[in-house]
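A structural walkthrough
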Amino acid sequence: MEISGRIVDIHNQLIFPGKIFIQNGIIKRIEQSADVPDHYILPGLIDSHIHIESSMITPGSFARAAVSRGTTAVVSDPHEIANVLGIEGVNFMITDSKKVPLKFYFGAPSCVPATGFERNGATISPDEIKALMKFPEIKFLSEMMNYPGVINHDQVVIEKIEMAKNEGKPIDGHAPGLTGDDLIKYVNAGISTDHECSSIEEAREKIGLGMKIIIREGSAAKNLDSLMPLFKTKAEMIMLCSDDLHPEMLAKGHINKLVARLIADGYDLFDVIRSCTLNPVLHYNLESGLLRRGDPADIIVVDDYHTMNILETWIDGEKVFGQGLVNFEYENAVPVNKFNSSLINIDNISVPAKGERIRVIQAFDNELFTKEIIVESHSGNFISSDTDEDILKIVVKDRYFDSPPAVGFIKGFGLKRGAFASSVAHDSHNIICIGVSDEDIVCAVNEIVKLKGGLAVCDRGEVSSLQLKIAGIMSDQPCESVASDYESLSGRVQSMGCNLSAPFMTLSFMALLVIPELKISDSGLFDGNKFCHVPVFV
């Protein structure tokens, strides 16, 4: 078998017309040849950090969408499903991924639960981390979100890190805004990457200490514009990732879109391609091909590397995408879940006035960070949403132990009516809801309870929803179908006044306690700087 075209050689940094000969899935030889088609051949692209669960589809469904975008491998942290189901969730991801040819390289989730300040569905102990580290499918210790635990030498945290070191596997980081002596302690513990940088100064400080920077461009957090100048000076320290990519974004493109943007902005072709091929292969010790003799034939064919329009995708010498068609099938997954929540009523989410000033979460479009603001409340005996000031009620309902909902207030979503809810709520995936009227909030939350996981919109009692039957966070339906339903629900939320570009994605991060400044868990408001719960009333 042979593939011919203009070969992009990232090792010798040249492009030449040639033919690639493949035998038993391996590149046997590469020859120059003058008579070749006018298209380009590159190594398959690798997403260096992604939570497959955030695409709301299973690994098998994800693979069918990703190969059409030139993705041949992903470095995946199953942190989300692990917080729901523990080791059972990790095993589900590994088993499901083996049904398809896309190469999934998984990490052992290091922070399950992510913090001790919220209810989740499972715990992964140091002994379980030790067992996971023996799995050939596990290539690294997943992002160490508990950076205070690293800095303060928490015994359990350090034990997990040492287990990865003992197996010679790298340790991913998660340290937004960490700097100075605390950053030095974090890096010296063995943390080797960070994908949370939002400024060039932060990234340069971390690179100076030896960390690899994984530039993230996902559905909620977009850092490519800020960080792309790193390619001018530290290209060997850079990888590319999507981190959290919702289904409608995956349907439109993947890492190929980032490559095209970087090349269009004048960055070196070979530096850019290496960031999503060679660099992750070397860092994570992956079995992905790099377009060399003896490598697995993981190859993509594009019409023009400036546009990165994918014509063909090959994995282990098999054409998995070509002529606009995916060349493999995926069988439906066996549902796994953990959902134990009863219906709520208006009394459950009423907030009696206990003062005149309240803490409010200030959210921002395309950002995971929030701010704490203090506002005057003039609602009488009970505090309600105030659409004139864009102060809306936010509710989190524990889905595992059925404890009463926590209620707070948030600014930045812009809703004028209705409510929307989701059981995709990082990291514990309890039910989270934002709304104007208590009636619609109850309606949206109860729809999620009835579905045992999914997304819901309620507008004056009229409800629309999308069921996510796999752990309450994923569907095994095709990406295009889930994306269509997701976009329809997002459109409804925006029609109700929400001015965010990805309302459900932003909603899902309002419960992510490890990203400052003010968030909310099933136990109430949480100060991400002080790492403690705080009351609504000041």
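Everything here concerns the structure above.
Structural notes, computed from the coordinates. Since this is a predicted model, take the numbers as computed values, not measurements.

Procedures and definitions
- Residues numbered from 1 in each chain as written.
- Predicted model: local features only at pLDDT ≥ 70, side-chain atom pairs only at ≥ 80, totals over all residues.
- Heavy atoms only, no water.
- 1 Å grid on protein atoms, 1.4 Å probe; cavity = no way out; pocket = protein on both sides within 12 Å on 5 of 7 lines; lining within 4 Å.
- Points joined across faces, edges and corners; volume = space filled by probe spheres on them.
- Helix = DSSP H or I, 4+ residues; strand = E, 2+ residues; numbered from the N terminus.
- Nonpolar A, V, L, I, M, F, W, Y, C, P; charged D, E, K, R; others polar.
- Buried < 20%, exposed > 50% of the residue type's maximum accessible area, 1.4 Å probe, protein only.
- Pairing = 2+ DSSP bridges.
- Disulfide = S-S within 2.5 Å.
- Expected span 1.5 Å × (residues − 1).
- Contact = heavy atoms within 4.5 Å.
- Phe/Tyr/Trp six-rings, centres within 6.5 Å; stacked < 30°, edge-to-face > 60°.
- Lys NZ or Arg CZ within 6 Å of the ring centre and 35° of its normal.
- Core = buried A, V, L, I, M, F, W, Y, C linked by side-chain atoms within 4.5 Å.

**Describing the layout of surface pockets**
Empty space within the largest pocket amounts to approximately 280 Å³. As for the largest pocket, its lining consists of 18 residues, of which Arg64, Ala65, Pro478, Cys479 and Glu480 are closest to the centre. Secondary-structure elements contributing two or more residues to the lining of the largest pocket are helix 1 (59–66), helix 10 (247–252) and helix 15 (479–495). Tallying contributions element by element places helix 1 first for the lining of the largest pocket, with three residues. Broken down by class, the residue content of the lining of the largest pocket amounts to eight nonpolar, five polar and five charged. Considered as a void within the structure, the second largest pocket measures approximately 230 Å³ in volume. Lining of the second largest pocket is provided by 19 residues; of these, Pro113, Ala114, Asn146, Val157 and Lys160 occupy positions nearest its centre. When residues in the lining of the second largest pocket are grouped by element, the largest group, three residues, is from helix 6 (residues 155–166).

**Description of the pairing of strand 12 (residues 238–241)**
Burial along strand 12 is two-sided: the face carrying Ile238 and Leu240 and the face carrying Met239 and Cys241 are both buried. Sheet topology places strand 11 (residues 212–216) next to strand 12; four bridges connect them, and they run parallel. Note that in strand 12 the partner of Ile213 across the bridge is Ile238.

**Details of empty space enclosed by the protein**
This structure, assessed with the given rule, holds four cavities of 30 Å³ or more. For the largest cavity, the calculated volume is near 80 Å³. Together, 16 residues line the largest cavity, and His51, Asp243, Asp244, Phe509 and Leu512 are the ones closest to its centre. Here the residues of the lining of the largest cavity sort into four nonpolar, five polar and seven charged. Partitioning the lining of the second largest cavity into residue classes produces four nonpolar, three polar and four charged.

**A look at the state of the cysteines**
Each disulfide consists of a covalent bond between the sulfur atoms of two cysteine residues. Throughout the structure, instances matching the rule amount to one disulfide. Through a disulfide, Cys443 is tied to Cys458; the S-S separation comes to 2.4 Å. Between Cys443 and Cys458, the S-S dihedral sits near 90 degrees, and the bridge is therefore right-handed. Note that Cys443 is positioned in helix 14 (residues 438–451) and Cys458 in strand 23 (residues 454–459), a separation of 15 residues in sequence. Look at Cys443 and you get partly exposed, because its relative accessible area is 21%. You can see Cys111 has no disulfide; the closest cysteine sulfur is in Cys241, sitting 17 Å from it. Classification of Cys111 by relative accessible area gives buried; the value is 3%. No disulfide involves Cys433; its nearest neighbouring cysteine sulfur is the one of Cys458, lying 8.8 Å away.

**A few points about helix 15**
Here helix 15 contains 17 residues, and its C-alpha end-to-end distance of 24 Å stays within 8% of the 24 Å for a straight helix at 1.5 Å per residue. The inward-facing, buried residues of helix 15 abut helix 1, helix 10, strand 21 (419–422), strand 23, strand 24 (462–467) and helix 16 (503–508). Where helix 15 ends, the next residue or the one after it, Gly497, has phi of about 115 degrees, a positive value.

**Here's the deal with unusual backbone geometry**
Along the chain, His426 connects to Asp427 via a cis peptide bond; the corresponding omega equals 0 degrees. Residue placement: Asp427 occurs in the loop between strand 21 and strand 22 (431–435). Each neighbour pair has its own omega, and for Pro516 with Glu517 the value is 20 degrees, a cis peptide bond. In this fold, Glu517 is placed in the loop between helix 16 and strand 25 (518–521).

**Observations regarding the packing of aromatic side chains**
The tally for this structure, following the rule as stated, stands at 11 aromatic pairs. Summarising the aromatic geometry, the rings of Phe420 and Phe504 are spaced 5.1 Å apart at their centres and angled 85 degrees between planes, so their arrangement reads as edge-to-face. Pair noted here: Phe420 is in strand 21 and Phe504 is in helix 16, with a separation of 84 residues, a long-range link. Phe504 shares its class with Phe420; the two are buried. Linked through ring pairs, Phe413, Phe420, Tyr486 and Phe504 together constitute an aromatic cluster. The ring of Phe21 is capped by Arg29, whose NZ or CZ atom sits 3.8 Å from the centre of that ring. In this structure, Arg119 is placed above the aromatic ring of Phe401, and the distance from its NZ or CZ to the ring centre is 4.4 Å.

**Here we look at helix 1**
When you tally the buried positions in helix 1, you get seven out of eight residues, the bulk of the element. Looking only at helix 1, the buried set comprises Pro59, Gly60, Ser61, Phe62, Ala63, Ala65 and Ala66. Considering only its buried residues, helix 1 is in contact with strand 5 (45–50), strand 6 (71–76), helix 3 (87–97), strand 7 (103–108), helix 10 and helix 15.

**Considerations on the sheet that holds strand 11**
Spatially, three strands are ordered 10-11-12 in an open sheet, and the strand pairing comes out parallel. Edge positions in the open sheet fall to strand 10 (193–194) and strand 12, since each of these has one partner strand only. In this sheet, strand 11 lies alongside strand 10 in parallel orientation, the contact comprising two bridges. The residue of strand 11 that forms the bridge with Thr193 is Lys212.

**Here we look at the nonpolar core**
Ranked by size, the top nonpolar core spans 186 residues in total, and within it Phe62 and Phe413 carry the most contacts. Listed in part, the 12 residues of the second largest apolar core include Ile3, Ile41, Leu291 and Ala297.

**A few points about the pairing of strand 19 (residues 391–397)**
Counted residue by residue, strand 19 has seven buried out of seven residues, so it is predominantly covered. Residues Ile391, Lys393, Val395 and Lys397 line one face of strand 19 and the alternating positions Leu392, Ile394 and Val396 line the opposite face, and both faces are buried. Looking at chain direction, strand 19 and strand 20 (residues 406–411) are connected through six bridges and run antiparallel. By the bridge assignment, Lys393 is partnered in strand 20 with Phe409. With five bridges joining them, strand 19 and strand 22 adopt antiparallel strand pairing. By the bridge assignment, Ile394 is partnered in strand 22 with Ile434.

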